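Listed below, chain by chain, are the residues.
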Amino acid sequence: MGKALDGVRILDFTHVQSGPTCTQLLAWFGADVIKVERAGAGDITREQLRDIPDVDSLYFTMLNHNKRSVTIDTKNPEGKLVLEALIQKCDVLVENFAPGALDRMGFTWERIQELNPKMIVASVKGFGPGPYEDCKVYENVAQCAGGAASTTGFDDGPPVVSGAQIGDSGTGLHLALGIVTALFQRVSTGRGQRVLAAMQDGVLNLCRVKLRDQQRLERTGVMKEYPQYPNGTFGEAVPRAGNASGGGQPGWILKCKGWEADPNAYIYFITQAPVWAKICNVIGKEEWATDPEYATPAARLPRLKEIFAEIERWTMTKTKFEAMEILNKYDIPCGPILSMKEIAEEPSLRKTGTIVEVDHPLRGKYLTVGNPIKLSDSPTEVTRSPLLGEHTEEVMAELGYSLEQISALRVAGAI
Ligand code: COA
């Protein structure tokens, strides 16, 4: 079966996490992704957090499936010529170097346009234009600068960063959308364009409900669904809300049977208004369904702590899976706190290809997260990440280089 992005060639100049997340997705949708790395070194993540000596790390393999790897020294004059040939052959150049690195290499937007006016040049940067535009940025910096850290955690504790890599992988997703959109526009304009996804912007986009709350706070001075209501105080900025739900239906994380020994024996419980009577029945507080002190969402807001404590008395008598089964029968929204171990072993995720087992010639079998976006006409087959420079000769031959020329470039240290 064909793939959605069949025929699209990506010059993948990305490294670490944000850019590789983007190009891996494009590869899964069928693009030919040619990853350009420095000879002898490669993407720095190949050797970071290694669990097996001298074998590409899981950090690298899990972000670089379905790609080809070529080594080019883009600071070597002959290496630059190879990169130029690639620019002429590809549709999109994706990069996430520090600000200015591509220009310093000699590949300004103007130069790339000269070489290939149809080229789309897509970049991840830490910040957009402004005071921090020249800064190097990693995941947690973006989470802090994009509003995630100040709004995550408990009110009486410090800011907290999330385990979800919203700065890196989140921005990679934004960039991928920008690229396919630019490819779509190119169909009618015939021109390439620049695509920029700044990590601060990407994180903020994912935190937009908190900017909503900032404005609500400024107007009303209070947010009734936050745990600070009614006994705490609100300051000038959106406070951290613990595990309160971000929407209009109050929720909290509650202990389940076994919580004393298992750090993940918890469930997220939402007291959704339309099922309030069912919740009362399940937890054995039938009288709350009609008691005016508890019967309406507005009446319940100042009592949420007490209500969740009562629900928790019930959830503590069940495992998170037993609670799920009972609550789902009544359409009461809830979610088990699943550990990574439980997720890795979940058969349904294996079945859908969301968790995939991949075989690697040096490390053997390992698990990875497959394509989370499923297209019915463009199924994803996850193939292993390339070894460093595994496809250099193959790609050079496609560019028209002879075997002799390839050997000479090797000797010159250009590839
Ligand atoms: N041949 C020769 N040189 C190469 C090369 C190649 N194939 N590939 C990269 N280089 C060079 C670059 O030209 C650059 O050289 P310069 O500094 O002399 O201009 C250098 O390698 C390294 O680039 P840089 O991006 O500065 O790497 P770093 O390890 O110092 O910084 C980041 C890493 C992630 C902080 C930085 O790249 C960054 O801020 N990127 C944008 C934001 C981002 O994506 N952050 C999240 C990463 S998950």
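Use the structure listed above.
Keep in mind that what you see is a predicted model, and the values were worked out from it rather than measured. (Residues numbered from 1 in each chain as written. Predicted model: local features only at pLDDT ≥ 70, side-chain atom pairs only at ≥ 80, totals over all residues. Heavy atoms only, no water.)

Enquirer: Looking at this model, I keep getting lost on the overall build of the protein. Mind explaining?
Expert: Within the protein, the regular secondary structure consists of 17 helices and 11 strands. For the protein, the C-alpha atoms occupy an extent of roughly 85 × 45 × 40 Å along the three principal directions. For the protein, with 415 residues in total, the buried portion stands at 46%. The long-range fraction of contacts in the protein, counting pairs at least 24 apart against all pairs at least 6 apart in sequence, stands at 65%. Total accessible area on the protein is roughly 20,700 Å²; 55% of this is exposed by carbon and sulfur atoms. For the protein, the distance from the average site of its 45 positive side-chain charges to the average site of its 52 negative ones is 2 Å. (Helix = DSSP H or I, 4+ residues; strand = E, 2+ residues; numbered from the N terminus. Buried < 20%, exposed > 50% of the residue type's maximum accessible area, 1.4 Å probe, protein only. Contact = heavy atoms within 4.5 Å. Areas by Shrake-Rupley, 256 points an atom, 1.4 Å probe, with all protein chains shown as cover. Lys, Arg positive; Asp, Glu negative; His and termini not counted. Charge placed at Lys NZ, Arg CZ, Asp CG, Glu CD.)

Enquirer: What's the story with the environment of Thr45 in this structure? I'm lost.
Expert: With respect to the element layout, Thr45 can be found in the loop between β2 (32-37) and α2 (58-61). The class for Thr45 is buried, based on a relative accessible area of 0%. If we skip the residues at most four places from it in the chain, Thr45 touches Val16, Ser57, Tyr59 and Phe60.

Enquirer: Mind showing me how you'd approach the pattern of salt bridges here?
Expert: Opposite charge on two side chains makes pairing possible when the charged atoms of those side chains draw close. Following the criterion strictly, the structure yields 24 salt bridges and no others. The salt bridge involving Arg186 is made with Asp91; its shortest N-O contact spans 2.9 Å. In this pair, Arg186 is assigned in helix α7 (residues 169-189) and Asp91 in the loop between α3 (77-89) and β4 (92-95), connecting sequence segments 95 residues apart. When sorted by exposure, Arg186 lands in the same class as Asp91, which is buried. The salt bridge involving Lys125 is made with Glu95; its shortest N-O contact spans 2.9 Å. With Lys125 in strand β5 (residues 120-125) and Glu95 in strand β4, the pair connects residues that are 30 residues apart, well separated along the chain. In this structure Lys125 comes out as buried when scored by relative accessible area, which is 13%. Judged by its relative accessible area of 4%, Glu95 falls in the buried class. (Salt bridge = Lys/Arg side-chain N within 4 Å of Asp/Glu carboxyl O.)

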